[in-house]
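Secondary and tertiary structure notes
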Amino acid sequence: MSATENFSLARAWLRAFNAYDVTALVALYAEDATHTSPKIRVLHPQTGGRLVGRSALETWWREAIARLPGLRYEETALTADGDRVFMEYVRHAPGEPPMPVAEVLDVRDGRIVASRVYHG
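This report concerns the structure included in the present document. As the structure is a prediction and not an experimental result, all values here were calculated from the model.

So, about the pairing of strand β4 (residues 84–92). The pairing of strand β3 (residues 72–80) with β4 spans eight bridges and is classified as antiparallel. Opposite glutamate 75, over in β4, you have tyrosine 89 as the bridge partner. Where β3 folds back onto β4 in an antiparallel hairpin, the turn is made up of three residues. With eight bridges connecting them, β4 and strand β5 (residues 99–108) associate as antiparallel partners. Across the sheet, the residue bridging to valine 85 is leucine 105, located in β5.

Here is the structure:
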């Protein structure tokens, strides 16, 4: 994919997340995609912070939305090439201070094959 297509993919990801459209969000991922996050490590330590497959991703995001109604991400920067997108956004969760987040999406054949979340 081109950098332009990967920018579009990242924006579709942010739109789906902020609309709580988990079906659309998960559809952006390859069937065997992985997702790693410090939040997963804290809430599900047995995973080592890593989820595998669309089903696990769908469960994770549905739980997150139920746990934190009003959760949203505010895009601050996107950087892309033909293989990946670096997303920077601010995580806004009710009752919590805003948190800057970086997330890397590895893309192959138009689908996200791996995503990695970084924050303090």
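Attention now goes to unusual backbone geometry. Although it is not a glycine, tyrosine 20 adopts a positive phi angle of roughly 60°. Within the element layout of this structure, tyrosine 20 appears in the loop between α1 (3–18) and α2 (22–27). Residue aspartate 109 is not a glycine yet carries a positive backbone phi of 55°. Inspection of the secondary structure assignment puts aspartate 109 in the loop between β5 and β6 (111–118).

About the thresholds
- Residues numbered from 1 in each chain as written.
- Predicted model: local features only at pLDDT ≥ 70, side-chain atom pairs only at ≥ 80, totals over all residues.
- Heavy atoms only, no water.
- Pairing = 2+ DSSP bridges.
- Helix = DSSP H or I, 4+ residues; strand = E, 2+ residues; numbered from the N terminus.

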